[in-house]
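Observations on chain architecture
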Amino acid sequence: MLTAENLGISFVTRMGTNKAVDGISFTVEAGKITAIIGESGSGKSVACYSLLGLIPQPPGRIDSGRALFQGQDLLQLTEAQLRETRGRDIAMVFQDPMTCLNPYMTVGNQLMEPLRYHKKVSKAQARERALELLEEVGIRDPASTIDNYPHQFSGGMRQRVMIAMALINEPKLLIADEPTTALDVTIQAQILELLAALQKKRNIGILFISHDLAVVADIADTIVVMQEGKIIETGNRDDIFRHAQQPYTQKLLQAIPTGGKSEVLQKSEPLLSIRNLSTWFRQGKTHVKAVDDVSFEIRRGEVLGLVGESGSGKSTIGRSILRLVPITSGEVIFDGTDITALAARELKNMRSRLQIIFQDPFASLNPRMTVFDTLAEPLLLHGLDNRSNVGASVLKLMDDVGLARSFVRKYPHEFSGGQRQRIAIGRALATRPEFVVADEPVSALDVTIQAQILDLMRELGKEYSLTTLFISHDLAVVRKLADRIVVLQKGKIVEQAGTSELFEHPRQPYTRQLLQSIPGRVLRANAT
Amino acid sequence: MWRFVGYRLLQAIPVLLVVITVTFFLVRAAPGGPFSSEKAVIPEVKAALEAQYGLNLTLFQQYTSYLGDLTKGDLGPSFKYPGRSVNELIAAGFPVTAELGFYALLVALSIGGVAGIIASLRPNTAQDYIPMSAAMIGICMPSFLLGPILILVFGIYLEWLPVSGWGDIPGDKILPAVTLGSTYAAYVARLSRAGMLEVMSQDYIRTARAKGLPEWQVVTRHALRGGLIPVVAFLGPAFAGLLSGSFVVETIFQIPGLGRFYVQAAFNRDYTMILGATVFLATLIVVFNLLSDILAAWMNPRLRAQFAEQ
Amino acid sequence: MATPVIANIVEAEEGTSLWQDAWLRLSRNRLALFGLAVLVLFILIATLTPWIAPYSYTQHNLDLGATPPSAAHWLGTDIFGRDMLTQVMYGGRISLAVGFIATAVALVIGITWGAIAGYAGGRIDAVMMRMVDIIYALPFMIFIVLLMVVFGRNMLLLFLAIGAVEWLTMARIMRSQVQSLRQQEFVEAAISLGLSPATIVRRHLIPNALGPIIVYTTLTIPSVMLLEAFLSFLGLGVQPPQTSWGLLISYGAESMEEYPWLLLYPGIAMTLTLFSLNFLGDGLRDALDVRGAKD
């Protein structure tokens, strides 16, 4: 139905010409899902947007290729002809449902817009159709919510609205650009299910763009792997997963966290005990109970996984332990001392023993400090080194986290995401802490980089004899690293158990739902 | 929404009270009483005058009685024009100033808004640079410089337009309105350009394009509302600026408006007139700030909902 | 810092700091550079005026009267036969001084206020910003006019009054900077390292908040100069025997029909300065990537 041949796209800027897409070819068949997989910057989105003329030109420029859709070359259409196709025969669903709906317009009006514009139907007819479709995509009570504004919907509901909007003209092809990346894992599972069901029912073709092989594994028929603007490998799903030919594809497959931690930890005494911890935030006259009466222990040397969806309070627990947010009540006992009761001076000394690694390596480094300054700061502050010998320690740290020594005078903005996270890890380990909070340390990274950083953390954990609280929304990642897992929902602990115990015999329905939502079921079935 | 309006109205009351109080005591604290500059006045006459204007009371009594009069809308008598009240003077001058301000606002919004939107549609091209350079000139060319230059060019050299008066000769309102409005047209142009650029880079604009809407509909239906909120929020400050700007423009073009009265009162040390006019103008400005805030909040459904909850 | 130690150990590549990056971007912006050059030139002239002015400030010649520009008087003379170039130079001294000093007043008050409010947070912040809100809603232009009327036209008062208006926005910008920086993870990281609040402010907050402050300061100077000129034009600002561009424009406007150069040259001087400051400010905003500062 859609055949793209030798598609080439460049971006021309003052700094030079950058070939974003370099002669790629792929097809989407009616009633089938073709997935394009690639890491950020691989050109996957640019390629798909160019089909509908949605990349700005300039700086974008289409160098070569054809894109045949129903006998027409999309790349040769005039802007007016393209507009006729957009939203009528080919529709799109985007990544972030929070920003993709117009906040100034009711959902209903936005939903009816493509229908009213392309099919010139009356407002009443359009409204009726919109209500039907909202019902179909699983919006409860559409009659009373159709006139609401987008901010009154949750992320998952907005994405359902986006899907309804894409389908309202019964298009033949749907382009979905990372449609579940911004969503929680249980919502992601629901949206994927919905997409698959709607696709079957309407027998339409879907071009599904994603960075996540596991997500794609569950729904795609054909998989196209892209790297740096080129197609590395194309094949049907099972072939790719069973007999990937290309090293890059294999690397991507290996990067999908599967299985658990191999070595089993000896039981040891608790290093950190959290007792009846509550952290509430004021919101107007009421409180949001971000953390609500939570108790658990972390034993010396263990990695404890703290798992939950957004709003579960998992990050707040990490920050509460380090006294980065004021707690409401409870105790945090570290090696016999209640951290919450420490005076400023004692706290300062204690801080060298507990450290934190953050999610976003773009925000967690001071943009105006060099690697040297960032790494030397904790060493000098806690008197571990003086100015004359701090240099050697900084270089040792850089070796440990796998950063080239020659980068020592560079600034954060000159590094990639993975390198920045290495700097941040180096800063956290500088004072040789016993305990580290790792707050979603790999969520902002590409999958292959993710695997590298996880490996690094595992090695360093052993080398530095660390005890780790590993916070993540991603159960598969946690499974790979954690000895035990605590599952949180809305500020309360749902379940805690050893990692393999939890995965094999979840006791609570919420835990079961979480486990079932982990993408890549097909993949896991193949692996066993 | 009504709660928000009510909340903002409540907020305006302390502001007004501060304005009135500060103005009152500032004027009273002025060195030299209102009649001290006059030639030697017979003590009895002076006492009589002071009694007439309530100056023999303590300062606090004067203040409370002034507040009392204010609630009845009475701004008191003028010192300099015996027999005329401040209310009468304002009633004579304000309609002219209001008309001038209205035309100037019209100039600012129409020219500025259109220029800003046009510029934002093709950033970093001639279509952007030309109106934005004009806007920069507007910002750097204050009304008291632009006014005389316009008079020189259009009034004296070209003899196209009259150079003074208000409503006496046809066309005599054009130059003052343009002079007063130009600075604000420039600000509106810059604000609307920035606002539109911000909105046009949002994801939901891409969604609108993906629906197949033509570009003009993308702009009018999806971008304008969000893009122009900064302009609406600027209306309040702009109104305040127009009022004080009218001091200069009315002086230059010899327009018998409130602004010119105010400046004259300032030089004549007509204290009650200054006090009354300040209170009057300040109230207007506070009210307009309120209105533009409410309008801007109302245009944003999210804010509207937030205030509805509170 | 102790980077030289490193140089002995490895061949380190030089990094490019954000400031260097910004300077590179600024140096490619021709309008901003032009603005900077004009500004430096005008400041230099203003500083050296008493020594380089062609005539003395008080020298007049009633017999000569107003003459158009000539070899002896490059910008002509006014009705008292005073050299216009000298007048414009001395006027510029005052106008620029008002611009810079009143901005400095605003800067000091605004940054202190905003930083305290933003750093303290909670109730202190709420009270401090509420006060700013209330003062912000006051009709300031009218107040300044009133102040000048009531207390006579004195320069110190002028600085204070203008500074008092402009500090509000400065305080708001500083507060929002501090607040958003405080929530940045690198500041949380600094707290968990155990750095003292003073060190965090000095090493992590100030260097990062500086960009918007620089940009806004640059854009505040022209609006302050406009305010001064506005008041002087009304006769409520700078008073004779001192002069400023606003005052010269006001004199020029009175006799513009006969002697247009009296209006033209101070007008050009002032407009050029305002242009330069605005171009420089816009350029700095782009170079430092400051969003939302003043439009």
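Rules used in this analysis
- Residues numbered from 1 in each chain as written.
- Chains lettered and ligands numbered in written order.
- Predicted model: local features only at pLDDT ≥ 70, side-chain atom pairs only at ≥ 80, totals over all residues.
- Heavy atoms only, no water.
- Helix = DSSP H or I, 4+ residues; strand = E, 2+ residues; numbered from the N terminus.
- Rg over C-alpha atoms; globule rule 2.2 N^0.38 Å.
- Buried < 20%, exposed > 50% of the residue type's maximum accessible area, 1.4 Å probe, protein only.
- Contact = heavy atoms within 4.5 Å.
- Areas by Shrake-Rupley, 256 points an atom, 1.4 Å probe, with all protein chains shown as cover.
- Core = buried A, V, L, I, M, F, W, Y, C linked by side-chain atoms within 4.5 Å.
- Salt bridge = Lys/Arg side-chain N within 4 Å of Asp/Glu carboxyl O.
- Polar contact = N/O pair within 3.5 Å; in protein donor to acceptor, adjacent residues only side chain to side chain.
- Nonpolar A, V, L, I, M, F, W, Y, C, P; charged D, E, K, R; others polar.
- Buried area = accessible area lost by both parts, 1.4 Å probe.
- Phe/Tyr/Trp six-rings, centres within 6.5 Å; stacked < 30°, edge-to-face > 60°.
- Domains from an automatic or database assignment.
- Pairing = 2+ DSSP bridges.
- Axes fitted to C-alpha atoms, helices over the stretch in contact; angles between N-to-C directions.
- Parallel < 35°, antiparallel > 145°, perpendicular 65-115°, else oblique.
- Left-handed = near helix turned anticlockwise from the far one by under 90°.

1. Here's the deal with the overall build of chain A
- Scanning chain A for helices and strands turns up 21 helices and 20 strands.
- Here chain A has a C-alpha radius of gyration of 25 Å; the compact-globule value for 528 residues is 24 Å, and the two agree.
- Across its three principal directions, the C-alpha atoms of chain A cover 70 × 50 × 45 Å.
- For chain A, with 528 residues in total, the buried portion stands at 57%.
- By sequence separation, contacts in chain A at least 24 residues apart represent 68% of the contacts at least 6 residues apart.
- Here chain A has roughly 21,400 Å² of accessible surface; of this, 48% comes from carbon and sulfur atoms.

2. With respect to the nonpolar core
- Counting residues in each nonpolar core, the largest one holds 135 residues, and the members touching the most others are B:Phe144, B:Phe247, B:Tyr262, C:Leu146, C:Leu231, C:Trp245 and C:Met270.
- Per element, the largest residue contribution to this core is 13 residues, and it comes from helix H11 (residues 261-288) of chain C.
- What C:Met270 contacts, discounting residues up to four positions off in sequence, is B:Pro142, B:Phe144, C:Leu226, C:Ala229, C:Trp245 and C:Ile249.
- In this structure, A:Ile163, A:Leu173, A:Val216 and A:Ile223 belong to the second largest nonpolar core, which totals 93 residues.

3. With respect to the interface of chain C and chain A
- Contacts between the two partners involve 33 residues from chain C, matched on the other side by 41 residues from chain A.
- Across the chain C-chain A interface, the total number found is three salt bridges.
- Connecting chain C to chain A are 15 residue pairs in polar contact (both at pLDDT 80 or more).
- Of all the elements in the fold, those that place two or more residues in the side of chain C that touches chain A are helix H1 (3-9), helix H2 (18-27), helix H8 (185-193) and helix H9 (197-234) of chain C.
- Looking at the side of chain C that touches chain A element by element, the count peaks at seven residues for H8(C).
- Looking at the side of chain C that touches chain A residue by residue, the classes come out as 16 nonpolar, nine polar and eight charged.

4. A closer look at the interface of chain A and chain B
- Listed per partner, the contact involves 23 residues of chain A and 23 residues of chain B.
- Together chain A and chain B conceal approximately 2,100 Å² of surface at their shared face, both sides included; 58% is due to carbon and sulfur atoms.
- When the buried area of chain A at its contact with chain B is split by residue, A:Tyr104, A:Glu113 and A:His151 rank highest and sum to 32% of it.
- Applying the counting rule to chain A against chain B returns two salt bridges.
- Summed over the shared surface of chain A and chain B, the result is 13 residue pairs in polar contact (both at pLDDT 80 or more).
- For the side of chain A that touches chain B, the elements supplying multiple residues, two or more each, are helix H3 (97-100), helix H4 (107-119) and helix H7 (155-167) of chain A.
- For the side of chain A that touches chain B, the element with the most residues is H4(A), which contributes five residues.
- Looking at the side of chain A that touches chain B residue by residue, the classes come out as 14 nonpolar, six polar and three charged.

5. Some points on the packing of aromatic side chains
Residues and elements named next belong to chain A.
- Under the definition given, this model contains 20 aromatic pairs over all chains.
- When the ring of phenylalanine 334 is compared with that of phenylalanine 435, the centres are 6.3 Å apart and the planes differ by 55°; the resulting orientation is tilted. Placement of the pair is phenylalanine 334 in strand S14 (residues 329-334) and phenylalanine 435 in strand S17 (residues 435-439), with a sequence separation of 101 residues. Just as phenylalanine 334 is buried, phenylalanine 435 falls in that class too.

6. Comments concerning the domain arrangement of chain A
Residue and element names in this part refer to chain A.
- In terms of domain boundaries, chain A breaks down into domain 1 (1-80 + 209-254), domain 2 (270-353 + 434-527) and domain 3 (362-430).
- Listed as interface residues are 14 residues of domain 2 and, on the opposing side, 12 residues of domain 3.
- Taken over both partners, the interface formed by domain 2 and domain 3 buries close to 1,100 Å², and the fraction arising from carbon and sulfur atoms is 68%.
- The interface formed by domain 2 and domain 3 holds zero salt bridges in total.
- Linking domain 2 to domain 3 there are two residue pairs in polar contact (both at pLDDT 80 or more).

7. Section: the sheet that holds strand S11 (residues 270-283) of chain A
Residue and element names in this part refer to chain A.
- Overall, antiparallel pairing links the four strands, which are arranged S12-S11-S14-S15 in an open sheet. Of all the strands in the sheet, just strand S12 (286-299) and strand S15 (337-338) have a single pairing partner and so form its edges.
- With two bridges joining them, S14 and S15 adopt antiparallel strand pairing. Directly across from isoleucine 333, in S15, lies its bridge partner aspartate 338.

8. Thoughts on the sheet that holds strand S16 (residues 354-357) of chain A
All names here are of chain A.
- Read from one edge to the other, the open sheet built from six strands follows the order S16-S17-S18-S13-S19-S20, with strand pairing classed as mixed. Looking at strand neighbours, the two that pair on one side only are S16 and strand S20 (492-498), the edges of this open sheet. Taking each pair of neighbouring strands and ignoring which way they run, the sheet shows an average axis angle of 15°.
- Direction of pairing for S17 relative to strand S18 (residues 467-472): parallel, over a ladder of five bridges. Opposite valine 437, over in S18, you have leucine 469 as the bridge partner.
- Packed on one face of the sheet, helix H20 (residues 509-517) meets strand S13 (303-307), strand S19 (484-489) and S20 and runs near 105° to S19.

9. A few points about the packing of helix H9 (residues 215-252) of chain B against H9(C)
- As a packed pair, H9(B) and H9(C) sit with axes 11 Å apart at the nearest point and diverge in direction by 40°. One element, H9(B), and the other, H9(C), form an angle in the oblique class. The chirality of how H9(B) crosses H9(C) is left-handed. Contacts between H9(B) and H9(C) pair B:Ser244, B:Gly245, B:Phe247, B:Val248, B:Thr251 and B:Ile252 from the former with C:Phe230, C:Phe233 and C:Leu234 from the latter.
- Classifying every residue of the contact of H9(B) with H9(C) by side-chain character gives six nonpolar, three polar and no charged.

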